[in-house]
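Each chain, written out:
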Amino acid sequence: MARPALLRVALHRQEITQLWTAGKELLVGQVFATASGNVDNIVVSALAGQAALGGYGFAFNLTTLPFFLVGLAVGRVTLPIYAALRARLEPVKPTFLTAVEVTAWLAALPLGFLAVAGPDALVVIFGHKWDLVSGALRLLALHGWLRTVESTSGSVLIAFGQAGVIRRVHQWQLAGVLVPLVLADGPLGAAVAVSTAIAFGTSYSLRKAAHQTGSPLRPLFARLAEAAVAAASGGAAGLVVLDLVGGGTGLAMGLLAAVVTWLVLYLLLRRGSALRGLRMLRGRNETGR
C-alpha cells in the first residue's frame, strides 16, 4: 500500500511456456489413459453381460489399489526431488533406482498374494460368487503391479522435459487394449489385453527413464525381478497355509505367511537397502532425542 507502483501483474512467459509444454502432453495423455482404462469394461459388458462386468470391475479395482496408494504417492514425492537434483546438477540415478525398488516391493506384497492365492481367498470371503473372474484376477494382479511400477518413470520423464513419452505410451496402450484379444473370452480376454498393453508400455517408459538418468538397465530390471520373485513366493506361502488350515483362520494365517515370506526375501535380496533404512531410522531417532 505504501508503494502502489510495485503492485503490478507480471507475466513470466518462459515459465508459462514450460508449464504448458509439459501440461498439454499430460492432459492429452490422460485422455488416452482414461479411454484405455474404460474400453475393456465396455467390451466385457457388451460380450459377457452385466454380471461379468461386475466381477471384472471388482477384480480390476482391487488390483489397482496399490497404484493409487503407492505409485501415485511415490511419484508426487519424487518429482520435486528430481527437479531439485537437476537444478543442482546432481545425479538422479540413485534416487530413481531407489524409487523403483520401493514401489516394486511395496506393490509386490498385496498383488503377489492376489495373483497366487487371490481366487481361493475370495472363495473364503464371498463363496463362489466371483469364480467367473478367478483367472482374470491373476492377470489383473500382474497388470496392477506393472502399472504401479510404470508410475516411477513418469515423474522422471516430466522432470527431464519428456512428458511426450508418457502421452505416446498411453496412446499405444489404448491401441493395445483395442486388439482383438479383448474379444477372446470376456473378463479373461480383457485381462489379457490390458496386461499385454501395460507390459509393453512399462518396458518402454522404464527404458526411457533409465536413459535419461543414466541408469543401467540390468540392475534396474534385476530389482524388478527380485520383487516379482518375492511376490510369487509370498503368494505361494499364503496359498499353502490357506489350503492347509482353511476358512477365515487360514486366510489370516495365509496373509501373515505371505508377509513374513516377503520380508525374509527382502532382507536376503536387498540387504543393503534394509541396512540403509535402519540407519536412517536410527539417525532420526537420535535426532529426535
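All figures in this text were calculated on a predicted structure; none of them were measured in a lab.

1. Observations regarding the packing of aromatic side chains
For step 1, the next point in the chain: The tally for this structure, following the rule as stated, stands at 8 aromatic pairs.
For step 2, the next point in the chain: Each ring, one from phenylalanine 58 and one from tryptophan 130, has its centre 5.1 Å from the other, and the planes form 10°; the classification is stacked. Placement of phenylalanine 58 in helix α3 (residues 50-63) and of tryptophan 130 in the loop between α5 (93-126) and α6 (134-159) is noted, with a sequence separation of 72 residues between them.
For step 3, the next point in the chain: The class for phenylalanine 58 is partly exposed, based on a relative accessible area of 26%.
For step 4, the next point in the chain: Centre to centre, the rings of tryptophan 262 and tyrosine 266 are 6.1 Å apart; their planes meet at 10°, and the pair counts as stacked. One end of the pair is tryptophan 262 and the other is tyrosine 266, both in helix α10 (residues 247-269) and 4 residues apart, which spans about a single turn. With respect to class, tryptophan 262 is no different from tyrosine 266; both count as buried.
For step 5, the next point in the chain: Over the aromatic face of phenylalanine 67 sits the side chain of arginine 147, whose NZ or CZ is 4.1 Å from the ring centroid.

2. Overview of the environment of valine 241
For step 1, the next point in the chain: Here valine 241 shows up in helix α9 (residues 217-245).
For step 2, the next point in the chain: In the structure, valine 241 is positioned 14 residues away from leucine 255 in sequence and 8.8 Å away in space, judged by C-alpha atoms.
For step 3, the next point in the chain: Non-local contacts of valine 241, meaning those with residues more than four positions away in its chain, are made with Gly246, Gly250, Met253, Gly254 and Ala257.

3. Some details on α10
For step 1, the next point in the chain: The end-to-end C-alpha distance of α10 is 32 Å, a good match for the 33 Å that 23 residues give at a rise of 1.5 Å each.
For step 2, the next point in the chain: If you check which residues of α10 are buried, you get Gly250, Leu251, Gly254, Ala257, Ala258, Trp262, Leu265 and Tyr266.

Thresholds applied
Within each chain, residues carry numbers counting from 1 in the order of the written sequence. The model is predicted, so local features are restricted to residues of pLDDT at least 70 and side-chain atom pairs to those at 80 or more, both for listing and for counting; the totals for chains, interfaces and linings are taken over all residues. The basis for every side-chain value is the complete set of non-hydrogen atoms in the structure, without hydrogens or water. Here is the rule: rings of Phe, Tyr and Trp (six-membered ring for Trp) pair when centre to centre is within 6.5 Å. Planes less than 30 degrees apart are stacked, more than 60 are edge-to-face, and the remainder are tilted. Elements are defined by DSSP. Helices are runs of H or I of four residues or more, strands are runs of E of two residues or more, and each kind is numbered from the N terminus. Exposure is judged per residue with a 1.4 Å probe applied to protein chains only, and the accessible area is read against the type maximum: over 50% gives exposed, under 20% gives buried, and values in between give partly exposed. Only Lys NZ and Arg CZ are tested; either one counts as a charge over a ring when it is within 6 Å of the ring centre and within 35 degrees of the ring normal. Contacts are residue-level and defined by heavy atoms, with any inter-residue pair within 4.5 Å sufficient. Expected helix span is taken as 1.5 Å per residue step, with the number of steps being one fewer than the number of residues.

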